[in-house]
2 protein chains.
Amino acid sequence: MATDRNGLTVLTVDECLRLLTSHVPRVGRIAFVPDGRPVILPVNYLFHEGSVVFRSDPGSKMAAASACEHVAFEVDAIDPTWEEGWSVLVQGRGEQVTDPEELEHLEALPLRPWAPGAKAAYVRISSTQISGRRIE
Amino acid sequence: MATDRNGLTVLTVDECLRLLTSHVPRVGRIAFVPDGRPVILPVNYLFHEGSVVFRSDPGSKMAAASACEHVAFEVDAIDPTWEEGWSVLVQGRGEQVTDPEELEHLEALPLRPWAPGAKAAYVRISSTQISGRRIE
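Keep in mind that this is a model prediction, so the values were computed, not measured.

Calculation notes
Residues numbered from 1 in each chain as written. Chains lettered and ligands numbered in written order. Predicted model: local features only at pLDDT ≥ 70, side-chain atom pairs only at ≥ 80, totals over all residues. Heavy atoms only, no water. Helix = DSSP H or I, 4+ residues; strand = E, 2+ residues; numbered from the N terminus. Buried < 20%, exposed > 50% of the residue type's maximum accessible area, 1.4 Å probe, protein only. Contact = heavy atoms within 4.5 Å. Least-squares fit on C-alpha atoms with pLDDT ≥ 70 in both. Arc of directions from axis to C-beta. Polar contact = N/O pair within 3.5 Å; in protein donor to acceptor, adjacent residues only side chain to side chain. Salt bridge = Lys/Arg side-chain N within 4 Å of Asp/Glu carboxyl O. Nonpolar A, V, L, I, M, F, W, Y, C, P; charged D, E, K, R; others polar.

## Structural notes on the side chain of A:S66
Residue and element names in this part refer to chain A. Structurally, S66 is set in the loop between β4 (51–56) and β5 (71–79). Here S66 falls in the buried class, since its relative accessible area comes to 16%. Those residues within four positions of S66 in sequence are excluded, and the remaining contacts are G94, E95, Q96 and V123.

Laid out in structure tokens, this is it:
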């Protein structure tokens, strides 16, 4: 396994894709820069057809990510006992899904936010770069 | 308890400070924007005297946060069974601690990164804004 200059194991893209698809609970964090200052917010997500997908309410802080050219998404798992863990980072563009056919398709997926609110808007992060690291 | 427009409970600053100080494991995530595109990285941290403190190796991706005017730090806890959780967001400026007296003080703290490497550099995020939300 390759390691980076900090001694962390570098995950292959295939491994990152596997973790993005299979890891539960499906809670990650998004970061974007709405006003020059980055924010990080937890989000219920699905990784579907190469994109991170999440739901939001119009006008919410989360919804602002749908208009951001540069969005980051991260998911990780941490084992405090062994002091191990991994994280996967997806970088890409945020965009609200508006195509009716695609929306119908997404609405059929098991993507149900824990937070209250209708969250009828679907936001996609089209990944341009996927990377991951593991401490072991 | 106050709720925001998305129905999430708004944590008071006191509650955020309590969670930042007491939550274990002491693993959070930092976001910064090294080249116009945000990144999110997990990090072992301490919250000490009003600042998030973490260690890094010179030249590492993490070390880049020490030169960022705008850095975000997030810590959360998630309960998949009850679909509840909270998150606290710290926004501030990243800076490497260079004062010898302060460094000596920080080196005595129980801040030990899980990742390999000496991680002799101490980075502080001086918080300018602290906010938090809870889903319950």
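So, next bit.
## Some remarks on the relation of the copies chain B and chain A
Between the two copies of this chain, the relationship is a rotation about some axis together with a displacement along it. Superposing chain B onto chain A takes a rotation of 180° combined with a translation of 0.0 Å along the rotation axis, leaving an RMSD of 0.0 Å. As the rotation angle and translation indicate, the two copies are arranged about a two-fold axis. No C-alpha of chain B lies nearer the rotation axis than that of B:A31, which sits 3.3 Å from it.

## Observations regarding helix α1 (residues 13–22) of chain B
All names here are of chain B. Of all the residues in α1, the buried ones are C16, L19 and L20. Taken end-on, α1 shows its buried residues confined to a sector of 100°, consistent with a single buried face. At its buried positions, α1 is contacted by β3 (39–48), β5 (71–79), β6 (84–96) and β7 (121–135).

## Description of the side chain of B:H48
All names here are of chain B. With respect to the helices, strands and loops of the structure, H48 is situated in strand β3. Using a relative accessible area of 18% as the deciding quantity, one classes H48 as buried. A polar contact of 2.9 Å, which involves the side chain of H48, links it to the side chain of H105. The contact partners of H48, leaving out residues within four places of it in the chain, are V53, H105, L106 and L109.

## Digging into the pattern of salt bridges
For the coordinates displayed, the defined rule picks out 24 salt bridges over all chains. The salt bridge partner of B:E74 is B:R29, with a shortest N-O separation of 3.6 Å. With B:E74 in strand β5 and B:R29 in strand β2 (residues 27–32), this pair connects stretches of sequence that are 45 residues apart. When sorted by exposure, B:E74 lands in the same class as B:R29, which is buried. Between B:E95 and B:R124 there is a salt bridge, and its shortest N-O distance comes to 3.1 Å. One end of the pair, B:E95, is in strand β6; the other, B:R124, is in strand β7, with 29 residues separating them in the sequence. You can call B:R124 buried: its relative accessible area is 17%. The network of salt bridges with shared partners includes A:R29, A:E74, A:D76, B:R29, B:E74 and B:D76.

## Some remarks on the interface of chain B and chain A
Facing the 42 residues of chain B at the interface are 42 residues of chain A. Where chain B touches chain A, the interface holds 6 salt bridges. Residue B:D76 is joined to A:R29 by a salt bridge in which the shortest nitrogen-to-oxygen separation is 2.7 Å. Where chain B meets chain A, there are 8 residue pairs in polar contact (both at pLDDT 80 or more). Contributing elements (two or more residues each) for the side of chain B that touches chain A: β2, β3, β5, β6 and β7 of chain B. If one sorts the elements of the side of chain B that touches chain A by residue count, β5(B) sits on top with 7 residues. Each residue belonging to the side of chain B that touches chain A can be placed in one class, and the counts come to 21 nonpolar, 10 polar and 11 charged.

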